[in-house]
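Chains, contacts and geometry: an overview
Take a look at the letters that make up each chain.
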Amino acid sequence: MEQTLVLIKPSAVVRGLIGQIITRFQNKGLIITGLKMMQLDEKICREHYAHLVDRPFFPFLLNSMTRTPIIAMVLKGLDAVHVVREMTGATKGRAANPGTLRGDYCMSGQENIVHASDTPENALIEIDRFFSQGEVFDYTCDMFKYLYSPDEVEF
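Quick summary incoming for the structure in this document. (Residues numbered from 1 in each chain as written. Predicted model: local features only at pLDDT ≥ 70, side-chain atom pairs only at ≥ 80, totals over all residues. Heavy atoms only, no water.)

Topic: helix α7 (residues 120–130)
Restricting attention to buried positions, one finds in α7 the residues Ala123, Glu126, Ile127 and Phe130. Looking down the long axis of α7, one finds its buried residues gathered within 105 degrees of arc, a one-sided arrangement. Opposite the buried face of α7, at more than 90 degrees from it, the exposed residues are Glu121, Leu124 and Asp128. On its buried face, α7 is in contact with β1 (2–8), β2 (31–38), α3 (42–48), β3 (70–77), α5 (80–88) and β4 (114–116). (Buried < 20%, exposed > 50% of the residue type's maximum accessible area, 1.4 Å probe, protein only. Helix = DSSP H or I, 4+ residues; strand = E, 2+ residues; numbered from the N terminus. Arc of directions from axis to C-beta. Contact = heavy atoms within 4.5 Å.)

Structural data, given as structure tokens:
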């Protein structure tokens, strides 16, 4: 079972979208294995967005990600990284397809409500960045037998 990281960004927190976003992931059948509210600081933002630090828009991104707390969440499911990325939609909200989180809830490229890990390898790195040992739980739900067929998952 694959795990992935989702950050519900300040733009969603301020707009009161936390519950709707979490509900969409749960309705899909993804299992929450870690969840917390936290305040990001410049150090963790520079680490998380290291590939963007030299870009001219980074100061705006830093300000955006540190202005309110965020929700960090670990989700588990088959192909979780791919499933969450598909649900998230294109980076720029106004280009995202209706039915995706960004397509339904945002217009901006920067204020795009969620971050989702882009690869299984990066998901592991990002989960370790935002969660300490003991904050992510590995458990199996009885509902798995209603989410997956026996040839997909061993019950």
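Digging into the side chain of Thr88
Tracing the sequence through the fold places Thr88 in helix α5. For Thr88, a relative accessible area of 2% puts it in the buried group.

Things to note about the pattern of salt bridges
Enumeration over the complete set of coordinates arrives at six salt bridges. Between Glu135 and Lys36 there is a salt bridge, with its nearest N and O atoms 2.8 Å apart. Of this pair, Glu135 sits in the loop between α7 and α8 (144–147) while Lys36 sits in strand β2, placing them 99 residues apart in sequence. With a relative accessible area of 22%, Lys36 lands in the partly exposed category. Across the salt bridge formed by Arg67 and Glu111, the nearest N and O atoms sit 2.7 Å from each other. In this pair, Arg67 sits in the loop between α4 (58–66) and β3 while Glu111 sits in the loop between α6 (101–105) and β4, placing the two residues 44 residues apart along the sequence. (Salt bridge = Lys/Arg side-chain N within 4 Å of Asp/Glu carboxyl O.)

What to know about α4
The complete set of buried residues in α4 reads Phe58, Leu61, Leu62, Ser64 and Met65. Along the axis of α4, the buried positions cluster into a sector of 165 degrees, meaning they face one direction only. Set apart from the buried face of α4 by more than 90 degrees, the exposed residues are Pro59 and Phe60. Residues of α4 that are buried make contact with α1 (10–14), α3 and β3.

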